[in-house]
Amino acid sequence: MLYSQRLPSFPEPGPANPFRSFWMAGYECTDQQNAFGHRVDFLTLTGHLDRVDQDYADLHPFNIRTVREGIRWSQVETRAYQYDWRVVSAMIDSGKAAGIQQIWDLCHFGYPDDLTPLHPMFARRFAALCRAFVAFYRSKDPDGTLVVTPINEVGFMAWLGGDVRGTSPYCVGQGWEVKYGLMRAYIEGVAALREADPTIRLMSTEPLISVVPAINANDMQVSEAVGQHENQYQAMDILVGRMCPELGGKPEYLDILGLNYYYNNQWEVGSHAMLPWANLPPDPRWRPLRSLLLEAYNRYKRPLVISETSHPGIDRPHWIRFVSQECAAVLNQGVPLWGVCLYPIIDRPDWDHLTPWHRAGLWDADLSADGPPRRLLYQPYAEALLNAQALLAEQEVVLL
């Protein structure tokens, strides 16, 4: 397969980079209803709410000054159009005290109990939340740069809740309807955010994937793989108005293109067999991360952030070396790649069963004592991260 990597010129003048550090940390903040209908709250389960000050202090040796956090919509909207910002307020205070910049997810997989993306008032309620959040935030920080992710991973949530009954609204075969409802809310939310604060910066966060046909596939199978690969861009195409213009999308609504990329983001259509990220044994269908990043950049011509990435277990150091080498290749081609977010920075459990823990963070969770999980730095990952930071800082990479 051949993939174009021709680079367009970036629009001038380009938007300013709002981030305090290239390397970022993501704290798992989902408040979704899981496959069993139980509400999960990972800010509490991981102990981050109890240990936020120490968690931020732990980032300083790694020169991480930007983090992703979530407000937990289901928690702050106590009744329709009524909000309790006390926990978020305390988190903002902790960020200021530690010199940490916070990117705020307004909807990270969770909605209030009385809402789903198929509810006729979903978009209106989300837009009201956006306005209320800006008013609250500016009461705390009138002049600082505010970076917001309105809704995290629309494409994934549409599949999880609309096709495989993994979360609300627990549907099968209605992934498009759920995606349409989420994007209606996303666009109305962006309009509300921009109206409330024209200086606000917006970072989308969508999965970056590669879907390929089976080896020796027929024309129909190839076409199916191409279609599924293309579908990853539907949410952003709606946001910029290329699809479903009746929803009001505009090119300026896409500001910073966040892309979530994990070790299992390339697979074969039909069988869903994963293409190993190390490409061993060699598979001609596997695509380097740099190729996927360039594809997304060429499509939208917006600054990029790898807004989530991690690997479970002992392969964590190998994964961060791989990611840093791919990032260096993209940066050396002049692409505005503005950051990499280690997500999760602290270990997290499975959503549905709450065990096992993934062992995917820079810090593992020590569950041996009562109270919130303690932090255990995974030293091989830490050393690999420092080396990766040095690699990108010096741009010492040989392109293959």
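Summarised in this report is the structure supplied together with it. (Residues numbered from 1 in each chain as written. Predicted model: local features only at pLDDT ≥ 70, side-chain atom pairs only at ≥ 80, totals over all residues. Heavy atoms only, no water.)

## Some remarks on the overall build of the chain
- Secondary structure assignment for the chain yields 12 helices and 14 strands.
- The C-alpha radius of gyration computed for the chain amounts to 20 Å, which stays within 12% of the reference 21 Å derived for 400 residues, consistent with globular compactness.
- Referenced to the eigenvectors of the C-alpha coordinate spread, the extents of the chain come out at roughly 55 × 50 × 50 Å.
- Counted over contacts in the chain with a minimum sequence separation of 6, partners at least 24 positions apart contribute 75%.
- Treating the 34 positive side-chain charges of the chain as one cloud and the 46 negative ones as another, the clouds have centres 4 Å apart. (Helix = DSSP H or I, 4+ residues; strand = E, 2+ residues; numbered from the N terminus. Rg over C-alpha atoms; globule rule 2.2 N^0.38 Å. Contact = heavy atoms within 4.5 Å. Lys, Arg positive; Asp, Glu negative; His and termini not counted. Charge placed at Lys NZ, Arg CZ, Asp CG, Glu CD.)

## Side note on empty space enclosed by the protein
- In this structure the tally under the stated criterion is one cavity of 30 Å³ or more.
- Approximately 40 Å³ is the volume found for the largest cavity.
- Along the walls of the largest cavity sit Glu206, Pro207, Gln232, Tyr233, Met236, Leu257, Leu259 and Tyr300, which together make up its complete lining.
- Counting residues per element, the ones that place at least two in the lining of the largest cavity are strand 7 (201-207) and strand 9 (256-260). (1 Å grid on protein atoms, 1.4 Å probe; cavity = no way out; pocket = protein on both sides within 12 Å on 5 of 7 lines; lining within 4 Å. Points joined across faces, edges and corners; volume = space filled by probe spheres on them.)

## Overview of the environment of Thr167
- For Thr167, the location among the structural elements is in the loop between helix 6 (154-162) and helix 7 (175-196).
- A C-alpha to C-alpha distance of 28 Å links Thr167 and Gly371, two positions 204 residues apart in sequence.
- Discounting chain neighbours no more than four positions away, the residues touching Thr167 are Gln32, Gln33, Asn34, Met157, Leu160 and Gly161.
- One polar contact links the side chain of Thr167 to the main-chain carbonyl oxygen of Gln33, over a distance of 2.5 Å. (Polar contact = N/O pair within 3.5 Å; in protein donor to acceptor, adjacent residues only side chain to side chain.)

## What to know about the pairing of strand 7
- Judged by how many residues are buried, strand 7 sits mostly within the fold: seven of seven residues are covered.
- Both faces of strand 7 are covered, namely the face carrying Arg201, Met203, Thr205 and Pro207 and the face carrying Leu202, Ser204 and Glu206.
- Note that strand 6 (residues 147-151) and strand 7 share two bridges and pair parallel. Within strand 7, the position partnered with Val147 by the bridge is Arg201.
- The pairing of strand 7 with strand 9 spans five bridges and is classified as parallel. When the bridges of strand 9 are listed, Ser204 appears paired with Leu257. (Buried < 20%, exposed > 50% of the residue type's maximum accessible area, 1.4 Å probe, protein only. Pairing = 2+ DSSP bridges.)

## As for helix 6
- What helix 6 keeps buried is the set Val154, Met157, Ala158, Leu160, Gly161 and Gly162.
- Looking at the buried residues of helix 6, the elements they touch are strand 6, helix 7, strand 7 and helix 9 (234-239).

## Some words on unusual backbone geometry
- The step from Ser168 to Pro169 runs through a cis peptide bond, and the omega angle for that step is 15°.
- Non-glycine residue Tyr81 carries a positive phi angle of around 70°.
- One can find Tyr81 in the loop between strand 3 (77-79) and strand 4 (82-83).
- Its identity is not glycine, yet Glu153 carries a phi of approximately 50°, on the positive side.
- In this structure, Glu153 sits in the loop between strand 6 and helix 6.

## Some thoughts on the sheet that holds strand 6
- Here eight strands make up a closed barrel; going around it, the order is 1-2-5-6-7-9-11-12 and the pairing parallel. Put simply, the sheet's adjacent strands are angled 25° from each other on average, direction ignored. (Axes fitted to C-alpha atoms, helices over the stretch in contact; angles between N-to-C directions.)

## Thoughts on the nonpolar core
- Membership of the largest hydrophobic core comes to 114 residues, with the highest contact counts inside it found for Leu59 and Phe133.
- When residues in this core are grouped by element, the largest group, 11 residues, is from helix 5 (residues 122-140).
- Non-local contacts of Phe133, meaning those with residues more than four positions away in its chain, are made with Ile71, Trp85, Trp104, Leu106, Leu146 and Val148. (Core = buried A, V, L, I, M, F, W, Y, C linked by side-chain atoms within 4.5 Å.)

## What about the environment of Ala98?
- Relative to the helices and strands, Ala98 resides in helix 4 (residues 86-98).
- A sequence separation of 81 residues divides Ala98 from Lys179, and the C-alpha atoms of the two residues are 37 Å apart.
- In this structure Ala98 touches Tyr56 and His60, once residues within four positions along its chain are discounted.

## A few points about the packing of aromatic side chains
- Under the defined criterion, the tally for this structure stands at 24 aromatic pairs.
- For the ring pair Phe133 and Tyr137, a centre distance of 5.9 Å and an interplane angle of 40° mean the geometry is tilted. Of this pair, Phe133 and Tyr137 both sit in helix 5, four residues apart, which is roughly one turn of that helix. Tyr137 shares its class with Phe133; the two are buried.
- Ring-pair connections join several aromatic residues into one group, and the members of that group are Tyr83, Trp85, Trp104, Phe133, Phe136 and Tyr137.
- Across the ring face of Tyr81, the terminal group of Arg125 is positioned such that the distance to the ring centre comes to 5.8 Å.
- The side chain of Arg316 reaches across the aromatic face of Tyr378, ending 3.9 Å from its centre. (Phe/Tyr/Trp six-rings, centres within 6.5 Å; stacked < 30°, edge-to-face > 60°. Lys NZ or Arg CZ within 6 Å of the ring centre and 35° of its normal.)

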